[in-house]
Amino acid sequence: MLLIPALLGLALLVLPLLALAVRAPWGRLGELLTGDAVLPPLLLSLGTAALATLACLVLGVPLALLLERSAAWPLVPRRLLRALLTLPLVLPPVVGGIALLLLLGRRGLIGQGLAAIGLPLPYTTGAVVIAQTFVALPFLVFAVEGALRSTDRRGELAAATLGASRAQTFRLVTLPLVAPGVAAGAALCFTRALGEFGATITFAGSLPGVTRTLPIASYLALQSDPEAAIALALVLLVAAVAVLVALRDRWLPGVAG
Amino acid sequence: MTRGREPGRRATWRRATLRGVPAAAVLAATLVGCTAGPAPEACATGAATEAPLTGTLTVFAAASLTETFDELAAEFEAAHPGVDVVLSYGGSSSLAEQIVQGAPADVFAAANEATMQAVVDAGLASDPRLFATNSLEIVVPTGNPGRVEGLADLARPELAVALCDPVVPCGSASVALLDAEGVTAAPDTLEQDVKAVLTKVELGEADAGLVYRTDAAAAGDRVEAIAVPEVPSAVNRYPIAPLGAAPNPAAAAAWVAFVLGPSGRAVLGAAGFGAP
């Protein structure tokens, strides 16, 4: 009885992607992928997504620890923290881009100070990385938090009783335990950053070689060279599928931990 | 998981509101009744008895037509109470692509002839007619923080300059204008449509941008406009055509006639569009 809606749901998710693969200009693919339409945005996207993933790791692992500790907090701040961390997941990315502009834009709360000292952020590759980090960070935080919650914490207690400092305990006991969760979170971050569109085009703009990432190039190409757009979309799809297939089921969002 | 992009996002669906109904209704009824009526009695009885149009009319229109077509839709609905006008605005090229992919539109109004030609070439429209022209202007944020005086300033590297990408009509017009004036611009961003350029300037995130004269006018005192030389190759001509597969062909034909007629001319002229 439930099989039919389940299959319909699966079809809704899979068939559009299948259509993309069917309609892909396979004959021109080699030429397109190495041409000017695809290669520069692809390299820019790979570079910025890697930097964004690094930023997510530096900021996200401590944030995941904080989130896990918040289990001992009173109800309201605990839920507030979780809600704030979830926001970038449910917010339209364009809204995230506008919010980033209002904070870091050339007339933003912080941004006008940066512009005054000659470091305006909009239209720079750095702005792309910030936008990608903004949307990707929750993926890392929740993956690591899930891993933290499912680990046996007695090792940390033992380390502490044996005289290890908190930093030593974290580095030598906790981090190795949650390493698979961190790796999975980083992979999810990378794919999310790679696919980022709305916040990037709003906050960072769109200039070839500087801020025009793969999804933006794909969107624009749709207006002039649809085959190039499909080739670009295919690259994004293959990257995402490769990362997700490499992940074990239990690290996917929603079932983590 | 939310995904970052929705290709249709730029095309905002908007139902025309019935603001200013009484005056508009009288005007439109008079115009439609008197110009289209075969006999003088048609003027007295009004348009409603003339051609009882019904149903939904879906119009795909260039983003630069947003304000004028909203206003015209209100007049049209007042003249034809049975018709519900649904307007979808977006970059002309992306609208053309949607039509070619089978979007169920009745009428297409594009910002240049090349995008209309793509739809005609696909066999989905015939006999497009020109209804307006538009030219470019420089816009700067209020107060002109970049001290922009003319096209040559768009080449100053220290300014944040926003232009349309050359693949969209406002971008190809910008390229034509800059080429004709011998300016090598130093853009910081190439946006996907003219409204995105205007937004960047309104927010002060760009010191200067090239937009259509009509967009500069619609933005009012949120931006300052700086005139640029009139270059024939940089003037956009707007074609309109009913679509061959229109679900509502009668209303589509009436809308095209309405836009080409005195009502359309008046509203478009007031917004700064030139006559074709």
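Residues numbered from 1 in each chain as written. Chains lettered and ligands numbered in written order. Predicted model: local features only at pLDDT ≥ 70, side-chain atom pairs only at ≥ 80, totals over all residues. Heavy atoms only, no water.

The subject of this paragraph is the pairing of strand E2 (residues 55-62) of chain B. Residue and element names in this part refer to chain B. Along E2, 6 of the 8 residues are buried, which leaves the element largely enclosed by surrounding structure. Here E2 runs beside strand E3 (residues 83-90); their pairing, made up of 8 bridges, is parallel. In the sheet register, Thr56 faces E3, and the bridge partner there is Asp84. In this fold, the crossover linking E2 to E3 by way of helix H4 (residues 66-79) has right-handed handedness. Note that E2 and strand E4 (residues 107-109) share 3 bridges and pair parallel. Paired with Val59 across the bridge in E4 is Val107. (Buried < 20%, exposed > 50% of the residue type's maximum accessible area, 1.4 Å probe, protein only. Helix = DSSP H or I, 4+ residues; strand = E, 2+ residues; numbered from the N terminus. Pairing = 2+ DSSP bridges. Right-handed = clockwise from strand over helix to strand, strands pointing away.)

This part takes up the state of the cysteines. Residues and elements named next belong to chain A. For the coordinates displayed, the defined rule picks out 1 disulfide over all chains. Here Cys56 is not disulfide-linked; the sulfur of Cys189 is the nearest cysteine sulfur, at 3.4 Å. Its relative accessible area of 0% is what places Cys56 among the buried residues. Taking relative accessible area as the criterion, Cys189 reaches 1% and is therefore assigned buried. (Disulfide = S-S within 2.5 Å.)

So, about the interface of chain A and chain B. The interface is formed by 36 residues belonging to chain A together with 30 residues belonging to chain B. Around 2800 Å² of area is buried between chain A and chain B when both sides are counted, 54% of it from carbon and sulfur atoms. Connecting chain A to chain B are 2 salt bridges. At the junction of chain A with chain B, the criterion picks out 9 residue pairs in polar contact (both at pLDDT 80 or more). Looking at the side of chain A that touches chain B, the elements that each hand over two or more residues are helix H4 (75-90), helix H5 (93-104), helix H9 (166-195), helix H10 (198-203) and helix H11 (214-224) of chain A. Class assignment of the residues belonging to the side of chain A that touches chain B gives a composition of 21 nonpolar, 10 polar and 5 charged. (Contact = heavy atoms within 4.5 Å. Buried area = accessible area lost by both parts, 1.4 Å probe. Salt bridge = Lys/Arg side-chain N within 4 Å of Asp/Glu carboxyl O. Polar contact = N/O pair within 3.5 Å; in protein donor to acceptor, adjacent residues only side chain to side chain. Nonpolar A, V, L, I, M, F, W, Y, C, P; charged D, E, K, R; others polar.)

Residues and elements named next belong to chain B. Taken as a whole, chain B is organised into domain 1 (12-133 + 237-270) and domain 2 (136-234). Contact residues are listed per partner, giving 11 residues for domain 1 and 11 residues for domain 2. Of the roughly 670 Å² buried between domain 1 and domain 2 on both sides combined, carbon and sulfur atoms contribute 58%. A per-residue breakdown of the area domain 1 buries against domain 2 is headed by Ala63, Ser64 and Glu67, which together make up 44% of the total. Between domain 1 and domain 2 we count 1 salt bridge in total. Among the ionic pairs, Lys195 bridges to Glu67, the shortest N-O distance being 3.4 Å. For the pair domain 1 and domain 2, the number of links is 1 residue pair in polar contact (both at pLDDT 80 or more). Counting residues per element, the ones that place at least two in the side of domain 1 that touches domain 2 are H4 and helix H5 (92-100). Among the residues forming the side of domain 1 that touches domain 2, the class breakdown is 3 nonpolar, 7 polar and 1 charged. (Domains from an automatic or database assignment.)

The next subject is a nonpolar patch on the surface. A cluster of nonpolar side chains, contributed by Leu3(A), Leu7(A), Leu10(A), Leu13(A), Val14(A), Leu15(A), Leu18(A) and Val22(A), occupies part of the molecular surface with about 800 Å² of accessible area. Structurally, Leu18(A) is set in helix H1 (residues 3-23). (Patch = residues over 30% accessible without salt bridge, like charges linked within 9 Å, V, L, I, M, F, W, Y side chains within 5 Å. Areas by Shrake-Rupley, 256 points an atom, 1.4 Å probe, with all protein chains shown as cover.)

Moving on to unusual backbone geometry. Residues and elements named next belong to chain B. Of note in this structure, Asp127 is not a glycine but carries a positive phi near 55°. Of note, Asp127 is situated in the loop between helix H6 (113-121) and strand E5 (129-134). We classify Asp127 as exposed; its relative accessible area is 59%. The phi torsion at Asn144 lies on the positive side, around 45°, for a residue other than glycine. Mapped onto the elements of the fold, Asn144 is located in the loop between strand E6 (136-141) and strand E7 (161-164). Assessed through its relative accessible area of 12%, Asn144 is described here as buried.

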